[in-house]
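# A structural walkthrough
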Amino acid sequence: MFWRGRPFLRILLFFASGILVARYWFADKQLPITEFILLLVSLILISAVIANHIKSFKYSWVAGLILNIALFVAGFTLTVQQIRQSRVKLDENPQAVWEGKLLTEPTQRAKAVKFILKIIKRADNGSILPRSVNVMAYLKTDTLPAGLHLGSFLVFHGKMSPIEAPKNPGEFDYRRFLQNRGIRYRVFMDKMSWKLLPVQGGFLLPAVFSRWRNRLLQSLRSQGLSHDEYAVAAAILLGDDQLIAPDLHQDFTAAGAVHILVVSGMHVGIIFLIFGFLFRFLLRFKNGDWLRNVLLIIVIWSYALLTGLSPSVSRAATMISLFILADIFRREYDNFNILAASAFLLLLLNPLLLFDVGFQLSYAAVAGILMFYFPIYRSLYFGNKIFQTLWAALVISFSAEMGVFAIAAHYFHQFPLYFLLTNLAVFALSYLIIFSGLAFLSLSWIPVVNHLLAIVLAMMIHALIVIVRFVASMPFSAVYDLYFPWFKVLLIFMLLIWCYYLFVHKNLYMLTPALATLVLLLGVQTFRQFKLQRQDKIIIYSLRHHIAIDLISGKRHILLVDSLAMVRPSELDYSLKNSRIAMGLSENSHPLSQDFHADFVYYRMGFGQMSSLKFYVPPPGKLRYPELHKKIRIDYLIYRSPGKTKLMEIAKSIKFRQIILGASLPSWAVRSLEKQAKLLHINYLNLRETGAFTLDIIKK
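Notes on the structure follow.

Here the focus is the overall build of the protein chain. Counting its secondary structure elements, the protein chain contains 22 helices and 22 strands. For the protein chain, whose C-alpha radius of gyration is 29 Å, the value lies close to the compact-globule estimate of 27 Å for 700 residues. Its C-alpha atoms put the protein chain at 105 × 65 × 60 Å along the principal axes. Taking all 700 residues of the protein chain together, 48% fall into the buried category. Here the protein chain has roughly 36,900 Å² of accessible surface; of this, 65% comes from carbon and sulfur atoms. Side chains of the protein chain give 73 positive and 39 negative charges; the mean places of these two sets differ by 5 Å.

Below you can see the structure in the form of structure tokens.
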């Protein structure tokens, strides 16, 4: 059986199930933590008593069942407790004074410095918070202030603003993203509203490594590398990906090489191989293998601390450390069990790590390699050592992609078609880049040597960028706009498991569930296409700087937008792209200022009609509306700009059922229009408060 000899797989399954249930069904509920802890202790004691007293094999499963329930309760309890700790309410008075500690190294953005603060106490009244609260802080400055780094203490005042929920369908949920990191507020500070406190006592190991990291980045920056070369080098070697240009990042994504820009298991594995080779001489001495393994663990975790302890690095460091420990104690181990054990240990420390994209992709990639690498690799043998090495690199890349494909498609909606071609070059260059980069970082204090190593490093990074951009520019480099909800992702993982047993273990009994899963996948896709063909709706999006109105009939649609959005369409992607993909729509924007006529919609001079629904978007200038005995009847009056025409004036000619106040309207205009709507006794909807307005149209 797959479970036999792999206890941590069962442990991880039930523990992670508890985390999922707590996060998605009980995150907003106040639950008694003490009672759950007592329940957990009781279940563990009952399981121990049953296992000790029941000797019959017939009932041996009872103790295991109770222990699995205890693991579920443990995951549930830890998650609820962590969510509760981040729910301390802060005073939103902008004059309140706070004291906080930096949890991350500050990073320079375009107009502000960004970092995470742990709020310790209210400084103006001396009250200590019952639980520490993490806050996303933005310091308005063009340069990074001296002395501000990980572990610094500062006192400041500013408005604690709760993170807003997404306002549009399918929009990236930034609030949930931050909540999974224990962050529920953000604060903006100017240069006059904060002060750095004196260094307080205590030794913070991550802060020490963070300072070393900054020095190494400064040394790298001083070598005259181009912007892209420095950005890629900083990302690959030290995990600092803040400076990578969006177009370059998109090229790496389209080419299937974006994983090299994030310090991950591949990087840790290369570090392990390099230092494993360098420490080989210790094997000649008595107990040298033990010393070598201890040094490897120290090196791996030092590198993990130096790169910021990201989830992918933590996973790789934990997993390799477990392998090394098993070797130290001469214990046999199973790869899947070690992988599950490392995941369980990380989730035990931070249950919400389960929802981190890097964590999910990292474990999925390793699981794919463990499942498919050796069966595929052993299927072919080349007498030439070079060809055999290339074959191994291709198989590793293919196996990892099988593991991450569905999750990556869920989050990023694209799939690189030439990832095998790219990864051949990436595999070789990444090894050389990391090796020469480590040599540069180690010898950065020697003037001539560090410059020569920097030249070599820059040449290899330049070659990597050229290859990636070439692959990304090739025709059909990637498939875009993929729609993979979690249900579809789970079905694909089920299909991979059935195929693993069917083809690797030659278990023909898996053919039936594999075919059933495949039919279910096809059925889900067919049903979605059927629904998309029957959709008829209008969506008025809630955008702070633009107006966007989607008119949808089946897979046909027209997106009415303001002229500024036509010039800069990328500004709409953050809010609209996910919903567009979910509804199976292509990009089809049309300016509000131009008339048009299609077979499903009519639009002229601000008036629009789709099926039986009619709307009007007043132009921004001042217009005169004649008083009509028989008024034009419309359903929705949509305001996109303040305008100079009063509602009373428009009401002379037009009779409307409801007023839609766009989120792009300034606050004073919203207040004015709300007052006018109340005087006219007309319903209104403020999209800044309610979010996007969606109406399904029923055809007559």
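Time to look at the packing of aromatic side chains. Per the counting criterion, the structure on display carries 27 aromatic pairs. When the ring of Tyr603 is compared with that of Phe615, the centres are 6.4 Å apart and the planes differ by 25°; the resulting orientation is stacked. Of this pair, Tyr603 sits in strand β16 (residues 602-604) while Phe615 sits in strand β18 (residues 613-616), placing them 12 residues apart in sequence. In this pair, the class of Tyr603 matches that of Phe615, namely buried. Through a chain of ring-to-ring contacts, the aromatic side chains of Phe172, Tyr174, Phe177 and Tyr574 assemble into a single cluster. Positioned above the aromatic ring of Trp98 is the side chain of Arg122, whose terminal nitrogen or guanidinium carbon lies 5.4 Å from the ring centre. Positioned above the aromatic ring of Phe177 is the side chain of Arg181, whose terminal nitrogen or guanidinium carbon lies 3.8 Å from the ring centre.

Strand order across the open sheet formed by 7 strands is β15-β16-β17-β18-β19-β20-β21, with mixed pairing between neighbours. Of all the strands in the sheet, just β15 (596-597) and β21 (683-686) have a single pairing partner and so form its edges. Here 7 bridges tie strand β19 (residues 632-639) to strand β20 (residues 654-661), and the two strands are oriented parallel to one another. Its bridge partner lying in β20, Ile632 is registered against Ile654. Against the sheet, helix α21 (residues 667-679) engages β19, β20 and β21, with an angle of about 160° to β21.

In this section: a nonpolar patch on the surface. A contiguous nonpolar patch, built from Leu380, Phe382, Ile386, Phe387 and Leu390 and spanning about 470 Å² of accessible area, is present on the exposed surface. Among the structural elements, Leu380 can be located in the loop between α12 (357-377) and α13 (385-412). Judged by its relative accessible area of 42%, Leu380 falls in the partly exposed class.

Counting 60 residues, the largest nonpolar core has Leu347, Leu354 and Phe359 as its most contacted members. Tyr230, Leu248, Ala257 and Ile324 belong to the second largest nonpolar core, which has 59 residues in total.

Rules behind the numbers
- Residues numbered from 1 in each chain as written.
- Predicted model: local features only at pLDDT ≥ 70, side-chain atom pairs only at ≥ 80, totals over all residues.
- Heavy atoms only, no water.
- Helix = DSSP H or I, 4+ residues; strand = E, 2+ residues; numbered from the N terminus.
- Rg over C-alpha atoms; globule rule 2.2 N^0.38 Å.
- Buried < 20%, exposed > 50% of the residue type's maximum accessible area, 1.4 Å probe, protein only.
- Areas by Shrake-Rupley, 256 points an atom, 1.4 Å probe, with all protein chains shown as cover.
- Lys, Arg positive; Asp, Glu negative; His and termini not counted.
- Charge placed at Lys NZ, Arg CZ, Asp CG, Glu CD.
- Phe/Tyr/Trp six-rings, centres within 6.5 Å; stacked < 30°, edge-to-face > 60°.
- Lys NZ or Arg CZ within 6 Å of the ring centre and 35° of its normal.
- Pairing = 2+ DSSP bridges.
- Contact = heavy atoms within 4.5 Å.
- Axes fitted to C-alpha atoms, helices over the stretch in contact; angles between N-to-C directions.
- Patch = residues over 30% accessible without salt bridge, like charges linked within 9 Å, V, L, I, M, F, W, Y side chains within 5 Å.
- Salt bridge = Lys/Arg side-chain N within 4 Å of Asp/Glu carboxyl O.
- Core = buried A, V, L, I, M, F, W, Y, C linked by side-chain atoms within 4.5 Å.

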